[in-house]
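# What the coordinates show
As a plain string of letters, each chain reads:
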Amino acid sequence: MSTSTIKSAIETMVLPYLNDNGFELVDIEYIKEGSNWFLRIFVDKEGGIDIDECRRISEYVSEQLDSNDPISGAYFLEVSSPGAERPLKKPEDVRKAIGKYVYVTTYEPLDGSKEFEGTLLSFDGETAVVRVGKKEHNIPYGKVASARLAIQF
């Protein structure tokens with residue numbers, strides 16, 4: 001089974017439980033690090049998620065994985081918060097981040113750079129406007145390689 005097929009099966013499996021309990025699925029990773037495979041599920045909710053909630057979700061996911069068995073080999077399951085530098089995976093994530101400090105990378109240089117760290121001023125679904133210092137950069141959403149919240153020092 002491919003990584004994307006596994007991620008899709010996991011999403012189908014856990015999304016109803018998360019939605020019914022007020023949680024948001026932020027991301028799913030199924031990656032190999034060294035000789036080990038890791039299934040990481042990042043979950044959040046309004047006001048943040050605590051360790052007991054991660055434990056409950058982990059127990060539910062573990063039961064579902066045991067009964068549905070979409071992954072044939074051995075792996076480690078991790079359920080956690082996306083953290084302070086939460087990834088902005090979907091357009092709705094970007095919209096929610098308006099007014100916040102973000103870090104955006106692009107597939108190709110725009111205005112001479114592929115990295116933009118600053119305040120997200122707006123997002124209309126097609127273009128994100130990020131102010132870096134005193135300059136505003138219009139970044140087409142289709143050219144965004146990755147985006148996340150950033151901590152401003």
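The structure this text deals with has already been given above.
## Brief notes about the sheet that holds strand E6 (residues 127–132)
The strands making up a sheet are joined through hydrogen bonds of the backbone, oriented either antiparallel or parallel. Ordered in space as E7-E6-E5-E4-E8, the five strands form an open sheet in which the pairing is antiparallel. In this open sheet, the two edge strands, each paired with only one partner strand, are strand E7 (135–140) and strand E8 (144–149). Across this sheet, the average inter-strand angle for adjacent strands is 40 degrees, counted without regard to direction. Bridge analysis of strand E5 (residues 113–123) against E6 gives four bridges, and the strand direction is antiparallel. Bridged to Phe123 within E6 is Ala128.

## Considerations on the pattern of salt bridges
One pass over the full model with this rule turns up eleven salt bridges. Its salt-bridge partner being Glu59, residue Arg55 comes within 3.3 Å of it at the nearest N-O pair. Highlighted residues: Arg55 and Glu59, both in helix H2 (residues 51–68), separated by four residues, approximately one helical turn. Between Glu108 and Lys143 there is a salt bridge, with the nearest N and O atoms lying 2.6 Å from each other. Taken together, the positions of Glu108 in strand E4 (residues 101–110) and Lys143 in the loop between E7 and E8 put the pair 35 residues apart, joining distant regions of the chain. Glu108 gets classed as partly exposed once you look at its relative accessible area, which sits at 37%. By relative accessible area, which is 28% here, Lys143 ends up partly exposed.

## A look at the layout of surface pockets
Here the largest pocket is characterised by a volume of approximately 280 Å³. Forming the boundary of the largest pocket are 14 residues, of which Glu24, Asp44, Arg86, Lys96 and Lys100 lie nearest the centre. Of the residues belonging to the lining of the largest pocket, the class tally is four nonpolar, two polar and eight charged. Taken as a whole, the second largest pocket spans an internal volume of roughly 190 Å³. Forming the boundary of the second largest pocket are Pro87, Leu88, Lys89, Tyr141, Val144, Ala145, Ser146, Ala147 and Arg148. Tallied by class, residues from the lining of the second largest pocket come to six nonpolar, one polar and two charged.

## Digging into the pairing of E4
Pairing between E4 and E5: six bridges, direction antiparallel. Paired with Tyr101 across the two strands is Thr119, which belongs to E5. Between E4 and E5, which pair antiparallel in sequence order, lie two residues; one of them, Asp111, sits at a positive phi of approximately 50 degrees. Relative to E8, E4 runs antiparallel, the two being bridged by five bridges. Along E8, the bridge assignment pairs Val104 with Ala147.

Calculation notes
Residues numbered from 1 in each chain as written. Predicted model: local features only at pLDDT ≥ 70, side-chain atom pairs only at ≥ 80, totals over all residues. Heavy atoms only, no water. Pairing = 2+ DSSP bridges. Helix = DSSP H or I, 4+ residues; strand = E, 2+ residues; numbered from the N terminus. Axes fitted to C-alpha atoms, helices over the stretch in contact; angles between N-to-C directions. Salt bridge = Lys/Arg side-chain N within 4 Å of Asp/Glu carboxyl O. Buried < 20%, exposed > 50% of the residue type's maximum accessible area, 1.4 Å probe, protein only. 1 Å grid on protein atoms, 1.4 Å probe; cavity = no way out; pocket = protein on both sides within 12 Å on 5 of 7 lines; lining within 4 Å. Points joined across faces, edges and corners; volume = space filled by probe spheres on them. Nonpolar A, V, L, I, M, F, W, Y, C, P; charged D, E, K, R; others polar.

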